[in-house]
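The residues making up each chain are set out below.
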Amino acid sequence: MRSHRIRAPRAVAAVLAVGALLLGGCSAGGGGGGDDRGGNEPATERAAIGFADAEASAGPAEDVPGAQKGGTLRVYQRDSYSHLDPAQIYVQDEMVLAALIHRKLTHVKLANDGTYSVVGDLATDSGRPSDGGRTWTYTLKDGIRFEDGSPITSRDIRHTFERLFAPFVTQGPTFVQQWMANKTGAAYRDLLPEGPYGGDHLPDSVLETPDEKTVVFHFAEPHNDLPYALAMSGYAVVSAEKDTRQKYDKAPLASGPYRIESFKSGKSMKLVRNPEWDPETDAARHQYVDGFDITFNHQYEDSTKRLLNDSGEARTALSFNNAVDAGSYQRVMREAKDRTVSGYQIFVAQLAINTSRVEDVRVRQAIAYAFPSKSYLAPYGGSSGGELAGGLISPLLPGYEKDYDPFGKLKKPGGDPEKARELLEEAGKVGTKLTFAYRNNDEEQKASIAVADALEKAGFDVQRKELPTDTYYDLIGDVDNAYDIYVNNWGHDWSSASTVIPPLFDGRGIQDGGSNYAHVDDPEINSRIDEIQRIADPEKAAKEWFELGKYILEEVTPAVPVYYFKQTQIAGSKVGGLVYNNDMSNLDVTKLYVKR
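Residues numbered from 1 in each chain as written. Predicted model: local features only at pLDDT ≥ 70, side-chain atom pairs only at ≥ 80, totals over all residues. Heavy atoms only, no water.

> How do you make sense of the sheet that holds strand E11 (residues 291-295) when you look at a structure like this?
Across a sheet, paired strands are connected by hydrogen bonds in the backbone, their directions being either parallel or antiparallel. Strand order in this open sheet of five strands is E9-E10-E11-E2-E12, and the pairing throughout is mixed. The outermost strands of the open sheet, each flanked by one partner alone, are strand E9 (258-264) and strand E12 (317-318). Here strand E2 (residues 72-76) pairs with E12 via two bridges, running parallel. Along E12, the bridge assignment pairs arginine 74 with alanine 317. In the packing of helix H2 (residues 92-101) onto the sheet, contacts are made with E9, strand E10 (268-273) and E11, and the angle to E10 comes to roughly 25°. (Pairing = 2+ DSSP bridges. Helix = DSSP H or I, 4+ residues; strand = E, 2+ residues; numbered from the N terminus. Contact = heavy atoms within 4.5 Å. Axes fitted to C-alpha atoms, helices over the stretch in contact; angles between N-to-C directions.)

This is how it looks when you write it as structure tokens:
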């Protein structure tokens, strides 16, 4: 995301509607709110997203009620697209665009009744596991083609995954590559250092394509999350015949319902129908509109004002990603609520506590009790920008418990200085110095003052340290950094806490640039991560992840939950099919149509 875009899950500066910085990936849960437009409020417990069979993966997608064909939608975007090659896509705005132009082996489908499922996209189903989840077999559908009319075969799928190992691919997800190589970090590249471009290929013992329709993944360890991972934009198909390597990033071959007719970086993009896309092969997408005219450099205030005024071209306009700016939120809710969608985003803001510097767990717990969550959220729009969090697991994930609140962050959102001081006195640590690092934007400066005041009331000596926004995550990601506490925001890549707890709290992942910002290395956490990752039943795994989250928060306390991200988006009065998709963390661009 950059100045606003959202990246999964590596640390990247990203400012949302409320101006916060993010990282991130996927979702689970209902898709209809009180007016069937927004994400549901979180239930006491979320069900895991299921894996669909062949029948549920067949096209066409169920019709959107009232949808009509024809017309063009104008799209106001803030940021231009840096990457169009699927292998390089790992930020939210590009992921949303990818849903229109790229297809993958699997896809997370949002049905009209608000339920989600992982369906086969290019594949006939969500995958057939064997050998305890070490082997996964996929069969490609008939009638799937690239925009030039060439059929999509297992050769293209093999090429898609082999090119991920090439040195020029640096931005996308690395889950499947690491699983295939059975290596962590960047060591996976040793399996195929140059990708397929030097004539080498992955052995059949890793990736097998026995015929044009069959693809078989072989892993050394069980990977029961594979259908989720393959639904990521970063694993969308690339043509083996038309791969132009680095140049593919500017002119990819479409496989989805729309193709790129023109793209002027930083200025505009035009999407038109892809005539080679067959709705009979697609269980999730639609091709209602003739095309999308996208223009860039629209700040949130600008796009909100245009859409709220609802005149001229704005009547058939929207933004794929821009949210209602915080300053206009109340007016939008008064005057145009029926043209909005809202819901949770995948991100959870949390205060990381550097456990290599703050070693006493009682001091860390004192920080947790004292932290003023409400005051921190206020500069970011208050309730319009987020919901105060009691735990570290998002409301969108299975296993989430609505009333979980071990440090009273919901009951006492301003903090509990009395309880915090008791812990400090017990530990003999009243007056403990804390260096609080924060980003140098207006919101963070205001929030940092409130945080420092609250912690000082509890008995801490707080030193505020302002860091540049563009290098913030680089600085807090340094293992030997000189900061005690700092906020980081994390989003799951798919509907499982397996993309939250291991990257944030596995001690074996501590390294410069890593995402274990608290530098916590607890043997119990590490061993339980390994145990849970071997559980094949997603519902059982979800419960175990949440139980491990409780242990992490209550017994180790390397972080403090702050808030769950939310956003509201607005569209013109002639835009139909407005539904908030929790998996996309945006309105669902595959359901849009022009009202006649």
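> Teacher, can you tell me more about the side chain of aspartate 79 here?
Along the chain, the position of aspartate 79 falls in the loop between E2 and H2. Taking relative accessible area as the criterion, aspartate 79 reaches 14% and is therefore assigned buried. Reaching out from aspartate 79, the side chain makes a polar contact with the side chain of arginine 78 at a distance of 3.2 Å. (Buried < 20%, exposed > 50% of the residue type's maximum accessible area, 1.4 Å probe, protein only. Polar contact = N/O pair within 3.5 Å; in protein donor to acceptor, adjacent residues only side chain to side chain.)

> For this particular structure, what's the right way to read the nonpolar core?
Nonpolar side chains in soluble globular proteins tend to be buried together. Residues Leu351, Ile367, Tyr376, Leu455, Phe460 and Phe505 are the most contacted members of the largest nonpolar core, which totals 74 residues. Considering every element that reaches this core, the biggest residue donor is strand E13 (residues 340-353), with eight residues. Among residues more than four places away in sequence, those in contact with leucine 455 are Ile367, Ala370, Phe371, Leu434, Phe460, Val462 and Ile485. (Core = buried A, V, L, I, M, F, W, Y, C linked by side-chain atoms within 4.5 Å.)

> What is the right way to read the pattern of salt bridges from this model?
For side chains of opposite charge, pairing can occur when their charged atoms come near one another. Per the counting criterion, the structure on display carries 30 salt bridges. Between aspartate 142 and lysine 213 there is a salt bridge, with the nearest N and O atoms lying 2.8 Å from each other. Remark: lysine 213 occurs in the loop between strand E7 (207-211) and strand E8 (214-218) and aspartate 142 occurs in the loop between strand E6 (135-139) and helix H3 (154-162); sequence separation between them is 71 residues. The exposure class of aspartate 142 is exposed, given its relative accessible area of 59%. Measuring nitrogen to oxygen at the nearest pair gives 2.8 Å for the salt bridge that ties aspartate 530 to arginine 508. A residue pair is termed long-range when its members are at least 10 positions apart, and aspartate 530 in helix H14 (residues 523-533) and arginine 508 in the loop between helix H13 (501-505) and H14 qualify at 22 residues. Taken together, the shared-partner salt bridges connect Arg103, Asp121, Asp282 and Arg285 into one network. (Salt bridge = Lys/Arg side-chain N within 4 Å of Asp/Glu carboxyl O.)

> Looking at this model, I keep getting lost on the sheet that holds strand E16 (residues 461-467). Mind explaining?
Read from one edge to the other, the open sheet built from six strands follows the order E14-E18-E13-E17-E15-E16, with strand pairing classed as mixed. This sheet does not close on itself; its edge strands, each paired only once, are strand E14 (386-388) and E16. Adjacent strand axes in the sheet meet at a mean angle of 30°, parallel and antiparallel pairs treated alike. As judged from the three bridges shared by E14 and strand E18 (residues 559-570), these two strands associate in the antiparallel manner. Counted as the bridge partner of glutamate 387 is tyrosine 564 from E18. Contacts between helix H8 (residues 361-370) and the sheet are confined to E13, strand E15 (433-439), strand E17 (485-491) and E18, with E13 contributing the most and set at about 150° to the helix.

> Where do I start with the packing of H14 against helix H15 (residues 538-556) in this structure?
Relative orientation and spacing of two packed helices are given, respectively, by the angle between their axes and the distance between those axes. In the contact formed by H14 and H15, the axes pass within 10 Å of each other and the chain directions differ by 175°. Considering the angle they form, H14 stands roughly antiparallel to H15. Residue-level contacts link Glu524, Ile525, Arg528, Ile529, Ile532 and Gln533 of H14 to Ala541, Glu544, Trp545, Glu547, Leu548, Tyr551, Ile552 and Val556 of H15. Here the residues of the contact of H14 with H15 are counted per class, giving nine nonpolar, one polar and four charged. (Parallel < 35°, antiparallel > 145°, perpendicular 65-115°, else oblique. Nonpolar A, V, L, I, M, F, W, Y, C, P; charged D, E, K, R; others polar.)

> What is the right way to read helix H11 (residues 442-457) from this model?
Given 3.6 residues per helical turn, the α-helix brings residues three or four places apart onto the same face. Across its 16 residues, H11 extends 24 Å between first and last C-alpha, which sits within 8% of the 22 Å expected from 1.5 Å per residue. On its buried face, H11 sits against H8, helix H9 (373-377), E15, E16 and E17. With a side-chain oxygen lying 3.2 Å from the backbone nitrogen of glutamate 443, the N-terminal cap of H11 falls on asparagine 441. Just past H11, the residue glycine 459 takes up positive phi, approximately 115°. (Expected span 1.5 Å × (residues − 1).)

> In this structure, what is going on with the environment of valine 462? I would like to understand it.
Structurally, the position occupied by valine 462 is in strand E16. Spatially, the C-alpha atoms of valine 462 and asparagine 297 are 39 Å apart, while their sequence positions differ by 165 residues. In this view, valine 462 contacts Leu434, Phe436, Ala452, Leu455 and Glu456; residues no more than four positions away in its chain are not counted.

> So what exactly am I meant to see when it comes to H2 here?
Buried residues dominate H2, accounting for ten of its ten residues. Buried residues of H2: Gln92, Asp93, Glu94, Met95, Val96, Leu97, Ala98, Ala99, Leu100 and Ile101, and no others. Among the structural elements, E9, E10, E11 and strand E21 (586-587) are those in contact with the buried residues of H2.

> Mind showing me how you'd approach unusual backbone geometry here?
Glycine aside, a negative phi is what most residues show, and trans is what most peptide bonds show. At the junction of glycine 59 and proline 60, the peptide bond is cis and its omega measures out at 0° in the coordinates. For histidine 519, which is not glycine, the phi torsion reads 55° and is therefore positive. Even without a glycine there, the phi angle at serine 585 is positive, about 60°. Checked against the element boundaries, serine 585 lands in the loop between strand E20 (580-581) and E21. On the basis of relative accessible area, serine 585 is assigned to the buried category, the value being 0%.

> Help me out: how do you make sense of the environment of tyrosine 564 in this one?
Turning to its location among the elements, tyrosine 564 is positioned in strand E18. Given the relative accessible area of 3%, tyrosine 564 is considered buried. A distance of 3.4 Å separates a polar atom in the side chain of tyrosine 564 from the backbone oxygen of glycine 391.

> Honestly, the packing of aromatic side chains in this entry has me stumped. Any pointers?
Centre-to-centre distance and the angle between the planes together describe a pair of aromatic rings. Evaluated as defined, the whole model comprises 28 aromatic pairs. Ring centres of phenylalanine 168 and tyrosine 197 lie 5.9 Å apart, and the angle between their planes is 45°; on these two criteria the pair is classed as tilted. Taken together, the positions of phenylalanine 168 in the loop between H3 and helix H4 (175-181) and tyrosine 197 in the loop between H4 and E7 put the pair 29 residues apart, joining distant regions of the chain. Take tyrosine 197: its relative accessible area is 21%, and that puts it in the partly exposed class. Their ring planes at 45° and their centres at 4.8 Å tell us that tyrosine 563 and phenylalanine 565 sit as a pair that is tilted. The same class applies to tyrosine 563 and to phenylalanine 565, which are both buried. Members of the aromatic cluster, each reached through a chain of ring pairs, are Tyr138, Phe161, Phe175, Trp179, Phe217, Phe219, Tyr235 and Trp494. Against the face of tyrosine 472 rests arginine 439, its NZ or CZ located 4.7 Å from the ring centre. (Phe/Tyr/Trp six-rings, centres within 6.5 Å; stacked < 30°, edge-to-face > 60°. Lys NZ or Arg CZ within 6 Å of the ring centre and 35° of its normal.)

> For this particular structure, what's the right way to read the packing of H8 against helix H10 (residues 417-427)?
The contact between H8 and H10 brings their axes to 8 Å, and the two run at 165°. Judged on the interaxial angle alone, H10 and H8 are roughly antiparallel. For the pair H8 and H10, the crossing hand works out as left-handed. Of H10, the residues touching H8 (which contributes Arg362, Val363, Gln365, Ala366, Tyr369 and Ala370) are Lys419, Ala420, Leu423, Leu424, Glu426 and Ala427. Tallied by class, residues from the contact of H8 with H10 come to eight nonpolar, one polar and three charged. (Left-handed = near helix turned anticlockwise from the far one by under 90°.)

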